[in-house]
Amino acid sequence: MQSNKQRIHLSLGLALLAAMPLAAQVVPAPETVLGFVPGTDRKLVEWPVLVEYYQQLANASDRVEYHELGKTTLGAPFVALVISSAENMARLPEIRAINLQLADPRLIDSDIQRERLLADGKTIVLITSSIHSTEVGGHLSPTIIAHRLATESTPKINEILDNTVLLLVPSLNPDGVTIVSRWYNETLDTPAEGSGPPELYHHYVGHDNNRDWYAFTQVETQLTIDSLHNYWHPQIVHDIHQMGSTGARFFLPPFLDPIEPNVDPLIVQGYNTLGTHMAWELTGQGKQGIVVNATYDAWTPARSYQHHHAGVRILSETASARLATPIELSFDMLRGRRGFDARQSSWNFIDPWPGGVWRLADIVDYQSSGAIALLSYAATNRDIWLSNFLKIGERAVAGWEEWPYAYVIPADQPNQIGLNAMLRIFERGMVEVRIAESDFTAGGTSHQAGTYVVVLQQPYASFAKALLERQEYPDLRQYPGGPPRAPYDVTAHTLPLLFDVEVSEVVEPFDVPLSDPVTPPVFPYRYDRLSRETNEGGLVGLYKSYAASMDEGWTRWIFDTWDIPHESVEDAAVRAGELAGYDAIIIPDMDAESIVSGLDPTEYPEAFAGGIGAGGVESLKSYVEAGGTLVVFNEAANFAIEAFDLPIRNVLENFDAQEFYAPGTLFRMDLDTTNAMTENMSSRAAAWFQRSPAFEFVETDNLRAVARYPVNPDSILLSGWVLHPERLSGKVSLVEAHVGAGRVVLFGFRPQYRAQSIGTYPLFFNALKPRRDTSTP
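Residues numbered from 1 in each chain as written. Predicted model: local features only at pLDDT ≥ 70, side-chain atom pairs only at ≥ 80, totals over all residues. Heavy atoms only, no water.

(A) Spatial organisation of the layout of surface pockets. Computed from the structure, the largest pocket encloses a volume of approximately 920 Å³. At the level of secondary structure, the elements contributing two or more residues to the lining of the largest pocket comprise α17 (495–499), β18 (504–506), β25 (684–690) and α23 (761–768). Considered class by class, the residues forming the lining of the largest pocket number 19 nonpolar, 10 polar and eight charged. (1 Å grid on protein atoms, 1.4 Å probe; cavity = no way out; pocket = protein on both sides within 12 Å on 5 of 7 lines; lining within 4 Å. Points joined across faces, edges and corners; volume = space filled by probe spheres on them. Helix = DSSP H or I, 4+ residues; strand = E, 2+ residues; numbered from the N terminus. Nonpolar A, V, L, I, M, F, W, Y, C, P; charged D, E, K, R; others polar.)

So this is what it looks like as structure tokens:
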């Protein structure tokens, strides 16, 4: 039996326990669900286990809400957590309503209301992780971040909870978490341990899922934009990534030049300040190898939606291990990157890492510590973040003096699909597009009623302007007179050129009654194809290598979206010659070595190693000679020239970057409108050029030039950056080569670039159609 003293102690203990916050009582630590402490060597879990943890965390804490925003491409739950103090959680609708008014100053009626909103609002922070699934620290760091915020009650954490609302997306690519973790666990203790999986880690687009932040093609992008960015309007977005192993341990902004010119200077100063503060705080914690202002630029909106929506984007990049397997690096193995040398102290890399063992625990530590440092600064400086956020919106609504007044977009475009796609991008990007309700004159040109008008006096005008204007990328060199300094991604993003849409810039204001912002209809994308024999839908074979190609994934997404019958054709089928059932076969943008040799057989299991091999090359030749159509994109054209011994020369193959350079650029092409492949197109088009060939015929027999670059080099560049465009003068960009009874179609560009180059879709769609005649050119 219990003594009275024991019963008193028990009663007091229960009373104290009841008085404790719920978070301190029952919140599970990550290891109780995962089965290991996050960061443990050689331990990863699949997405359902992580989802279970976040559900248990939310059920146990009054600081955390769990939300399933929708389903991923492969049907997994797409998840976000909302984290703040219990008091803030009880008034989330009010906090959101305040932030919506701060996001659009047209909703604020008075100075009194303005000051009240600034006093009552909270800094909204969106942290996203694990968009690139081989960056496996990002699978696990959100568990640490969420657990600390749900359980700790230090002054620092309390200030964060009181002054911020955190939207935490544990993975922007849940499907990839499972793909990579499953592959890693299956290959432990084999030569493939720590290798990337032999498939894209996003079902369609692989690494390019972080290049979708203005095209909005993928469901995960759409869910994030619709349910978080546009619903909450965060002042700060922190995107957790990993980078290579042999440079810095941790990157933070400032970014390198160039900066996209339409971004408000307050945004640039915001991420400069926040990034350097985080670097300072982490250095104070003893973390070494932190670099700022290196490697990554801030040019393309494809990676920085928030920069055009009044907030800052903090990209963090942590050095990788071999997935979850530790690596050991001596100091001499470290290498420099753009803007710093990993073995030398400099102003932006003040404390080099000395080398040693680098493991998953280090990655998780840097990532989670960086996130807490960011949240702390967001909380301490809540008033500055909110006031500058409002000021950015006020300046956008007032309009920038040096900007044009508006863009005018005729409704009667020949390419209605391109027009519709562009309008849908603007709708999702919260750009207000209105319709002229009468005829009008603007910029000396008459326009009809029904014309679309985008006036650049609205909260997100910079997003519209960045996507509607032609890019003039600066001529940046590694040193004066030296080689070009490569952009981190690409240099052009002009939607009217990509989508084949006519748009006019109008400098001066004009007077016309305008409608309320419009919602464009949703077009069903379809393309009719006829089999050469049955006049019914034919079948396309799409080559799918185990050395996974993002270009293959984009092409497959387009085929699925446009309802084009297709099958994946893998290496074994090509080697075996199982090709006769396809009207056409596509080889996406891949280099010849990857096509022929594939993955390394000393690292990967036999089922995935090797490419099509010499046997596959012969199979493709037999397929074409028997009447098949082989279509090759971009770099794969070099493979076709060699494999089929075509009398074609790639005139760019021996030039270095100082002799010719075009890193993701839009060029003008002139089309042969008598060729069936140019059906439904005008005489000109914009070619997406990136690591592309340009052709010259050694002989002309059996070859037809379907498209060429202009002879005048000053007419070639449409948007982006090029050095020595004269190398392309008059050169061929699209070839139809007759081989035996079949043909090889060589695209010297990417006609379906990231599902954005809608203007050149007809060229490759038409290439898949049966030939109208069998005569040679």
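(B) Quick look at the side chain of Asn210. Relative to the assigned elements, Asn210 resides in the loop between α10 (174–186) and α11 (219–232). Other than its neighbours up to four places away in sequence, Asn210 contacts Ile131, His132, Asp239, His241, Ala302, Arg303 and Arg313. (Contact = heavy atoms within 4.5 Å.)

(C) Spatial organisation of the sheet that holds strand β4 (residues 164–169). Ordered by their spatial adjacency, eight strands build an open sheet running β1-β2-β4-β3-β5-β10-β6-β8, and the pairing between neighbours is mixed. Each edge of the sheet is formed by a strand with only one pairing partner; in this case those strands are β1 (64–71) and β8 (290–292). Between one strand axis and the next, the sheet turns through 20° on average, direction left out of account. Sheet contacts for helix α4 (residues 47–60): β1 and β2 (77–83); angle to β1, the most-contacted strand, approximately 140°. Its contacts with the sheet put helix α9 (residues 155–163) on β2, β3 (123–129) and β4, and the angle it makes with β4 is roughly 90°. (Pairing = 2+ DSSP bridges. Axes fitted to C-alpha atoms, helices over the stretch in contact; angles between N-to-C directions.)

(D) Here's a closer look at the packing of aromatic side chains. The tally for this structure, following the rule as stated, stands at 36 aromatic pairs. With centroids separated by 5.9 Å and ring planes inclined at 75°, the aromatic side chains of Phe216 and Tyr305 adopt a geometry described as edge-to-face. With a gap of 89 residues between them, Phe216 in the loop between α10 and α11 and Tyr305 in the loop between β9 (297–298) and β10 (312–319) connect regions that are remote in the sequence. Residue class for Phe216 comes out buried when judged on its relative accessible area of 4%. (Phe/Tyr/Trp six-rings, centres within 6.5 Å; stacked < 30°, edge-to-face > 60°. Buried < 20%, exposed > 50% of the residue type's maximum accessible area, 1.4 Å probe, protein only.)

(E) How the structure looks around the confidence of the model for the protein chain. Averaged over all residues, the pLDDT of the protein chain equals 94, while 94% of them reach at least 70. Per-residue pLDDT stays below 50 along residues 772–777; that stretch engages in nine contacts with residues further than four places along the chain or on separate chains. (pLDDT = per-residue confidence, 0-100.)

(F) Expanded view of the pattern of salt bridges. Across all of its chains, the model carries 34 salt bridges by this definition. Put simply, Asp226 and Arg428 hold a salt bridge, and the shortest N to O gap is 2.8 Å. Remark: Arg428 occurs in helix α15 (residues 416–428) and Asp226 occurs in helix α11; sequence separation between them is 202 residues. Since its relative accessible area comes to 35%, Asp226 is described here as partly exposed. As a salt-bridge pair, Arg684 and Asp670 come within 3.9 Å of each other at their nearest N and O atoms. Placement of the pair is Arg684 in strand β25 and Asp670 in strand β24 (residues 663–671), with a sequence separation of 14 residues. Judged by relative accessible area, Arg684 falls into the partly exposed class, the value being 48%. (Salt bridge = Lys/Arg side-chain N within 4 Å of Asp/Glu carboxyl O.)

(G) Local environment of helix α6 (residues 92–103). Helix length check: α6, at 12 residues, gives a terminal C-alpha distance of 16 Å against a target of 16 Å (1.5 Å per residue), a fit within 8%. Of all the positions in α6, only Leu92, Ile95, Ile98, Asn99, Gln101, Leu102 and Ala103 are classed as buried. (Expected span 1.5 Å × (residues − 1).)

(H) Layout of the environment of Thr561. On the secondary structure map, Thr561 appears in helix α18 (residues 550–562). The partly exposed category is assigned to Thr561, whose relative accessible area is 26%. Between the C-alpha atoms of Thr561 and Pro253, which are 308 residues apart in sequence, the distance is 37 Å. Of note is the side chain of Thr561, whose polar atom sits 2.7 Å from the backbone oxygen of Trp557. (Polar contact = N/O pair within 3.5 Å; in protein donor to acceptor, adjacent residues only side chain to side chain.)

(I) Main features of helix α21 (residues 613–625). Helix length check: α21 (13 residues) gives 19 Å between terminal C-alpha atoms against 18 Å at 1.5 Å per residue, within 8%. Within the sequence span of α21, burial applies to Gly613, Gly616, Val617, Ser619, Leu620, Tyr623 and Val624. For α21, the arc enclosing every buried residue in end-on projection is 160°, short of the 170-degree limit, so these residues lie on one face. Just downstream of α21 lies Gly627, where phi reads positive at about 120°. (Arc of directions from axis to C-beta.)

(J) Just the environment of Leu188, in detail. Along the polypeptide, Leu188 turns up in the loop between α10 and α11. Using a relative accessible area of 23% as the deciding quantity, one classes Leu188 as partly exposed. It is 47 Å that separates the C-alpha atoms of Leu188 and Leu723, two residues lying 535 residues apart in sequence.

(K) Local environment of the nonpolar core. With 101 residues, the main nonpolar core has Phe426, Phe499, Met669, Tyr709, Leu728, Phe747 and Phe764 as its most contacted residues. When near neighbours in sequence (up to four residues on either side) are disregarded, Phe747 contacts Val631, Val632, Phe633, Asn634, Ala637, Phe695, Ser733, Leu734, Leu763, Phe764 and Ala767. Counting 98 residues, the second largest nonpolar core, distinct from the first, contains Val136, Val291, Ala298 and Ala379. (Core = buried A, V, L, I, M, F, W, Y, C linked by side-chain atoms within 4.5 Å.)

(L) Quick look at the packing of helix α8 (residues 137–151) against helix α13 (residues 360–380). In contact at an axis separation of 9 Å, α8 and α13 are set at 45° when each is read in the N-to-C sense. Relative to α13, the element α8 is oriented oblique. Remark: the crossing between α8 and α13 carries right-handed chirality. Seen from α8, the contacting residues are Gly137, Gly138, Leu140, Ser141, Ile144, Ile145, Arg148 and Leu149; seen from α13, they are Leu360, Ile363, Val364, Gln367, Ser368, Ala371, Ile372 and Leu375. (Parallel < 35°, antiparallel > 145°, perpendicular 65-115°, else oblique. Left-handed = near helix turned anticlockwise from the far one by under 90°.)

(M) Highlighting the sheet that holds β18. Read from one edge to the other, the open sheet built from four strands follows the order β14-β17-β13-β18, with strand pairing classed as antiparallel. Of all the strands in the sheet, just β14 (434–435) and β18 have a single pairing partner and so form its edges. Relative to strand β17 (residues 452–455), strand β13 (residues 406–409) is paired through four bridges, and the arrangement is antiparallel. Looking at the pairing, Tyr407 lines up with Val454 of β17.

(N) Spotlight on empty space enclosed by the protein. All told, the structure shown has six cavities of 30 Å³ or more when counted by the stated rule. One number sums up the size of the largest cavity: a volume of about 120 Å³. Around the largest cavity, the lining comprises 16 residues; the ones closest to its centre are Asp264, Ile392, Ala396, Pro459 and Ser462. Taken together, the elements giving at least two residues each to the lining of the largest cavity come down to α14 (382–398) and α16 (461–468).

(O) Structural detail: the side chain of Lys122. Tracing the backbone through its elements, the reader meets Lys122 in the loop between α7 (111–120) and β3. Look at Lys122: it is buried, it has no salt bridge, and the nearest opposite charge is Asp162 at 7.0 Å. A polar contact is formed between the side chain of Lys122 and the backbone oxygen of Asp162, at a distance of 3.1 Å. In contact with Lys122, other than residues within four places in its own chain, are Asn88, Arg91, Ile95, Asn99, Asp162, Asn163, Thr164, Val165, Gln235, Arg382 and Leu386. (Lys, Arg positive; Asp, Glu negative; His and termini not counted.)

(P) Structural detail: the pairing of β1. The sheet contact formed by β1 and β2 spans seven bridges and is antiparallel. For Val64, the partnering residue across the bridge sits in β2 and is Ile83. Taken together, β1 and the strand that follows it, β2, pair antiparallel across an intervening segment of five residues, in which Gly75 is found at a positive phi of about 95°.

(Q) Here's a closer look at unusual backbone geometry. Backbone torsion omega between Pro253 and Pro254 reads 15°, so that peptide bond is classified as cis. Within the secondary structure, Pro254 sits in the loop between β6 (250–252) and β7 (256–259). With an omega dihedral of 5°, the bond running from Asp257 to Pro258 counts as a cis peptide bond. Examined against the element boundaries, Pro258 turns out to sit in strand β7. A positive phi angle, near 55°, is found at Leu323, a position not held by glycine.

(R) Representation of the environment of Ala103 within the structure. By the element assignment, Ala103 lies in helix α6. By relative accessible area, Ala103 is classed as buried at 6%.

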